[in-house]
Amino acid sequence: PLRAVRLHYRYTNQYYEYRVVEMERRGRTFVAEIPGDYAVSDWDIMYFVEAVDEAGLGALAPQPDPVARIPYWVIRVGERGDAGRR
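Residues take numbers from 1 onward in each chain, read along the sequence in its written order. Where totals are concerned, whole chains, interfaces and linings use all residues; where local detail is concerned, this predicted model gives features only for residues with pLDDT of at least 70, and gives and counts side-chain atom pairs only at 80 or more. Think of the side-chain values as coming from all heavy atoms in the structure, minus any hydrogens and water.

Enquirer: Describe the overall build of the protein chain, and please don't skip the residues or the numbers.
Expert: A count of helical and extended segments in the protein chain gives 0 helices and 7 strands. For accessible areas, the Shrake-Rupley method is used with a probe of radius 1.4 Å. Any residue's cover is judged against the shown protein chains and nothing else. If you sum the accessible surface of the protein chain, you get close to 6,300 Å²; carbon and sulfur atoms cover 51% of it. Helix numbers and strand numbers start at the N terminus; a helix is a DSSP run of H or I with at least 4 residues, a strand a run of E with at least 2.

Enquirer: Any chance you could break down the pairing of strand β5 (residues 45-53) for me, citing the residues and the numbers?
Expert: Here strand β1 (residues 2-11) runs beside β5; their pairing, made up of 9 bridges, is antiparallel. Bridge pairing in β5 links His8 to Phe48. Only strands joined by at least two bridges in the DSSP assignment are considered to pair. Of the strand pairs in this sheet, β5 and strand β6 (residues 58-61) are connected by 4 bridges, and their pairing is antiparallel. Of the residues in β6, the one forming a bridge with Val52 is Gly58. What sits between β5 and β6 in their antiparallel hairpin is a turn of 4 residues, with Gly56 showing a positive phi close to 90°.

Enquirer: Account for unusual backbone geometry, naming residues and giving values.
Expert: Residue Ala61 is joined to Pro62 through a cis peptide bond whose omega torsion reads 5°. For Pro62, the position within the fold is in the loop between β6 and β7 (73-75).

Enquirer: Tell me about the nonpolar core, residues and numbers included.
Expert: Grouping buried Ala, Val, Leu, Ile, Met, Phe, Trp, Tyr and Cys residues that are joined through side-chain atoms within 4.5 Å yields what is termed a nonpolar core. Remark: exposure states derive from per-residue accessible area (1.4 Å probe, protein chains only) relative to the maximum for the residue type, with buried under 20%, exposed over 50%, and partly exposed in between. Counting 10 residues, the largest nonpolar core consists of Val5, Leu7, Tyr9, Tyr11, Met23, Tyr38, Trp43, Ile45, Val49 and Val77. Of all the secondary structure elements, the ones that give two or more residues to this core are β1 and β5. In terms of residue count, the dominant contributor to this core is β1 (4 residues). Between two residues, a contact is recorded if the distance between any of their heavy atoms is within 4.5 Å. Those residues within four positions of Ile45 in sequence are excluded, and the remaining contacts are Tyr9, Arg10, Tyr11, Thr12, Ile34, Tyr38, Ala39, Trp73, Val74, Ile75 and Val77.

So this is what it looks like as structure tokens:
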């Protein structure tokens, strides 16, 4: 059984630290929300999910892509303004 499932998210800017939200179990699914006011047009949002079982063993999703090595998903936010800032 799972002890905890957490959503980690932050802007695609390394200046910002990850925010962590405990995900809520709804049947066989876990859900969490990123607050709408966190989504600003200046930065996209990157996120990943952490799951830890009762034995303390954990896993992350997505699993790192062996080619791209990107261990997160990205939510595109707003207009793609100044490409130099991305």
